[in-house]
Amino acid sequence: MKLLVFLTTLTFLFSATSKFNVDGMMCGKGCVNKIKKHMGSLDGIKSCDVNFDKAIMTIEYDESKLNDQLIMDRLHDKTTYTCSPKQPDEPKKSLFKKIFGWF
């Protein structure tokens, strides 16, 4: 039992999640499945989720085996799609800050 807890904790420490903007997808089924197939074949990928409507790919991976650049290179080399790191969304300002933010 202690070993299981230790291994789970160790896996969590080396785990990373990254989001990417994906360009070039034409459909919500074939393109999404193709991306998931190629990402799933990489050693170190724990999960891959592709949102066709938002053109975003979310990858959970082992940082000791992969990094964002390797993931982007693999997608570009094996498919016709291109991706770039997704920038964090700007937090929405409240109405109060919009009105009185100038003062």
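No experiment lies behind these values; they were computed from the predicted model shown. (Residues numbered from 1 in each chain as written. Predicted model: local features only at pLDDT ≥ 70, side-chain atom pairs only at ≥ 80, totals over all residues. Heavy atoms only, no water.)

To continue, consider the overall build of the protein. Secondary structure assignment for the protein yields four helices and four strands. Counting from the amino terminus, the protein carries its helices and strands in the arrangement α-β-α-β-β-α-β-α. In the protein, the proportion of contacts linking residues at least 24 apart, taken out of those at least 6 apart, comes to 60%. Of the accessible surface of the protein, which amounts to about 7,800 Å², a share of 59% is contributed by carbon and sulfur atoms. (Helix = DSSP H or I, 4+ residues; strand = E, 2+ residues; numbered from the N terminus. Contact = heavy atoms within 4.5 Å. Areas by Shrake-Rupley, 256 points an atom, 1.4 Å probe, with all protein chains shown as cover.)

Right, let's get into unusual backbone geometry. In this model, Ala55 sits at a positive phi of 55°, which is unusual for a non-glycine residue. Among the structural elements, Ala55 can be located in the loop between β2 (45-51) and β3 (56-62).

Quick look at the pairing of strand β1 (residues 15-23) now. Summarising the sheet, β1 and β3 pair through seven bridges and their orientation is antiparallel. Bridge pairing in β3 places Ser18 opposite Ile59. (Pairing = 2+ DSSP bridges.)

With respect to topology, four strands assemble into an open sheet ordered β2-β3-β1-β4, the strand pairing being antiparallel. Both edges of this open sheet fall to β2 and β4 (82-85), since each of them pairs with a single strand only. Direction aside, neighbouring strands of the sheet carry axes that sit 30° apart on average. With four bridges connecting them, β1 and β4 associate as antiparallel partners. (Axes fitted to C-alpha atoms, helices over the stretch in contact; angles between N-to-C directions.)

Residue placement: Asp62 occurs in strand β3. Buried charge Asp62 goes without a salt bridge, the closest partner of opposite sign being Lys65 at 4.4 Å. For Asp62, the side chain forms a polar contact with the side chain of Ser64, separated by 2.7 Å. (Buried < 20%, exposed > 50% of the residue type's maximum accessible area, 1.4 Å probe, protein only. Lys, Arg positive; Asp, Glu negative; His and termini not counted. Salt bridge = Lys/Arg side-chain N within 4 Å of Asp/Glu carboxyl O. Polar contact = N/O pair within 3.5 Å; in protein donor to acceptor, adjacent residues only side chain to side chain.)

So, about the pattern of salt bridges. Scanning all chains against the criterion turns up one salt bridge. Lys65 serves as the salt-bridge partner of Asp43, at 3.7 Å between the closest nitrogen and oxygen. Taken together, the residues Asp43 in the loop between α2 (30-40) and β2 and Lys65 in the loop between β3 and α3 (68-78) connect sequence positions 22 residues apart. Under the relative-accessibility criterion, Asp43 is labelled exposed at 55%.

This part is about the packing of α2 against α3. The N-to-C vectors of α2 and α3 enclose an angle of 125°; their axes lie 10 Å apart at closest approach. Overall, the two elements α2 and α3 adopt an arrangement that is oblique. Here α2 and α3 pass one another in a crossing that is right-handed. When α2 is examined against α3, the residues Ile35, His38 and Met39 are found in contact with a partner set consisting of Ile71, Arg74, Leu75 and Lys78. Among the residues forming the contact of α2 with α3, the class breakdown is four nonpolar, one polar and two charged. (Parallel < 35°, antiparallel > 145°, perpendicular 65-115°, else oblique. Left-handed = near helix turned anticlockwise from the far one by under 90°. Nonpolar A, V, L, I, M, F, W, Y, C, P; charged D, E, K, R; others polar.)

By themselves, these figures tell us nothing about what the structure is for.
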